[in-house]
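# Overview (structure and organization)
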Amino acid sequence: MTISDPPVRSSRVTAYADARAALDQPLLVPEPVADAADAPAGSLAWLRAAVARFTGDTRAHARQRAHAVAELARLDPRELRRAAAGSAVGADDRHTVVRILAEELGLPGPDAVADAVMTVSAGYFGSELTPTQAKAVDEAIASLLARTAQGEGVEDLEFAAQRIGLLVQACDATARLVEHARRSAPDGLPPGGADALLAEVLRHDPPVTALRRRALADVRVGALDLRAGEVVLVDVTAAQQDAPAGGDQADSDIGTHDDPTPLAFGAGPHRCPGQAQALALAAGLLERDDPATQVTEAVARVLDLAATWTAWDGRPLAVDDRVYTPHKAIRRAADHLVDHLAELEARLAGQEPQPDHWHASATTTPADLASFTTEDLDEARSRLVRIGRIWADRLEALSDAQLDRSPGQGWPFRLLAAHVAGSLDYYAGAVGRFGAAANPEE
Ligand code: HEM
């Protein structure tokens, strides 16, 4: 039986409390995969039976999920965001998402991995497949297994299944989130940028709208009395609208108590472990559509942090073998903007960019160590906003072809913009937020 077969009896859950109770209840498990015992490694039945996503057995699930979480820990959301923001337009977002993840995981042939994962996702969630489709899916999984398995032992295979599983989980859901966000903001990013837009879309138009569970035994959850074998369908959109205003205060497995999207990534033991990576990839893809805003938003984020630096205590901050101070962060932000703008202009003019003589973060000058006054903040604001505006005006005047197949040696300009925006966040983040504003909850 596949999950698309009609269940004997089913309930639809729309109340937030019932949804949480259902997803937290260990006797309610994802649809078990039938006929998987003899499934050969590398087949769809094997994959569905081996991944954390569909495993109801508590101990097996914990082990499989731990593998997935360990792999996810290797995926730095900032790197994913930058890679997505610098990716070329025109490719299928699903392909881009998986290719970036495969690249960051160091898998061989990231493009081929992405092609295979897109094929697999057609059958992974249990849809009926024609024999031709089923064959293509099995072949794609076999090719992925060859690229992800580090050996042939039982543990190697289970680990490889989690790697494949997280790529397939990421594929459609992340691209759908981006699609919903574009639909919600057809004229480009709103104030607050990609992060604010994604939070809004996840609450009102989530990409995963239904979560299915089957009762292993008779069980009462929330207001529901369920019989063994009964299927429960959690309506994510409806249940989220019913969530307590200001978030679920009793929730400990959701990072922040005021998470406005308490169910968009699931809940309970199967809650999505890839939320940070998903948000980073989606934000990067949205920013990629609009590299000019990407740069001006990054400038705005620097200035938001810099507004707290007048409370700096004078002690330099050590980050990644370098030392940072407010003045140094502003210096690096401005110099990096100027440096790559000069490169971009030289390449557009058919000239060689100036050779690199910057001392950059390797040096800390006496001026870097000075206190950061409100006058300094004002000057920084005027300086950075203007340079950001020059960048934005220049990027807005370029076509997609110029952004992605840019003249001269070096990165495409879209990637250059993502790189500069990412570096601004890095420099400002190295100093961070100071004073009372650093701990708004206290
Ligand atoms: C916007 C994008 C995404 C959304 C909305 C989403 C949503 C979800 C949801 C709702 C579940 C729980 C399913 C259930 O309880 O039945 C889930 C599970 C999972 N997700 Fe995501 N996901 C997204 C992206 C990602 C990404 C980028 C990754 C990895 C890089 C990922 C990896 C996983 C894994 C491994 C599971 C299974 C966890 C388990 O069963 O223990 N997801 N996701």
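Residues numbered from 1 in each chain as written. Predicted model: local features only at pLDDT ≥ 70, side-chain atom pairs only at ≥ 80, totals over all residues.

### Considering the overall build of the chain
Helix and strand counts for the chain stand at 16 helices and eight strands. The globule rule puts the C-alpha radius of gyration for 442 residues at 22 Å, and the 24 Å found for the chain is close to it. (Helix = DSSP H or I, 4+ residues; strand = E, 2+ residues; numbered from the N terminus. Rg over C-alpha atoms; globule rule 2.2 N^0.38 Å.)

### Observations concerning the sheet that holds strand β3 (residues 210-215)
Spatially, the four strands line up as an open sheet ordered β1-β6-β3-β2, and their pairing is mixed. Only two strands of the sheet have a single neighbouring strand rather than two, namely β1 (10-13) and β2 (28-29). With four bridges connecting them, β1 and strand β6 (residues 231-235) associate as parallel partners. By the bridge assignment for β6, Ser11 is matched with Val232. (Pairing = 2+ DSSP bridges.)

### Concerning unusual backbone geometry
The phi torsion at Asp321 lies on the positive side, around 65 degrees, for a residue other than glycine. The topology assignment puts Asp321 in the loop between β7 (317-319) and β8 (322-324). For Asp321, a count of 7 C-beta atoms within 10 Å corresponds to the exposed category. The phi torsion at Ala360 lies on the positive side, around 50 degrees, for a residue other than glycine. (Buried ≥ 20, exposed ≤ 12 C-beta atoms within 10 Å, placed from the backbone.)

### So, the nonpolar core
Residues Val98, Val117, Leu167, Leu198, Ala282 and Ala333 are the most contacted members of the largest nonpolar core, which totals 115 residues. Other than its neighbours up to four places away in sequence, Val98 contacts Val113, Ala114, Val117, Leu167, Ala170 and Cys171. (Core = buried A, V, L, I, M, F, W, Y, C linked by C-beta atoms within 7 Å. Contact = placed C-beta atoms within 7 Å.)

### Considering the site of the ligand
Close contacts around the ligand come from 27 residues, with Ala170, Ala173, Gly266, Cys272 and Gly274 the closest. Among the elements of the structure, α3 (58-72), α8 (154-184) and α11 (275-288) are those that each provide at least two residues to the shell around the ligand. Looking at the shell around the ligand, the element that brings in the most residues is α8, giving seven residues. Here the shell around the ligand is composed, by residue class, of 18 nonpolar, seven polar and two charged. (Near = placed C-beta within 6 Å. Nonpolar A, V, L, I, M, F, W, Y, C, P; charged D, E, K, R; others polar.)

### Section: the confidence of the model for the chain
In the predicted model, the chain carries a mean pLDDT of 91, and 93% of its residues have values of at least 70. In this model residues 252-257 is a low-confidence stretch, pLDDT under 50, and it forms seven contacts with partners more than four residues away in sequence or in other chains. (pLDDT = per-residue confidence, 0-100.)

### Some remarks on α3
Over its 15 residues, α3 runs 21 Å from end to end, which matches the ideal 21 Å to within 8%, given 1.5 Å per residue. Of all the positions in α3, only His61, Gln64, Arg65, His67, Ala68 and Glu71 are classed as buried. Take α3 and look down its axis: the buried residues cluster within an arc of 150 degrees, on one side only. In α3, the exposed residues that point more than 90 degrees away from the buried face are Thr58, Arg59, Ala62 and Ala70. Looking at the buried positions of α3, the neighbouring elements they touch are α5 (93-105) and α8. (Expected span 1.5 Å × (residues − 1). Arc of directions from axis to C-beta.)

### Here's the deal with the environment of Thr374
Within the secondary structure layout, Thr374 lies in helix α14 (residues 374-396). Taking the number of C-beta atoms within 10 Å as the measure of exposure, Thr374 has 9 and is therefore exposed. Each C-alpha atom, one on Thr374 and one on Pro40, is 67 Å from the other, the two residues being 334 residues apart in sequence.

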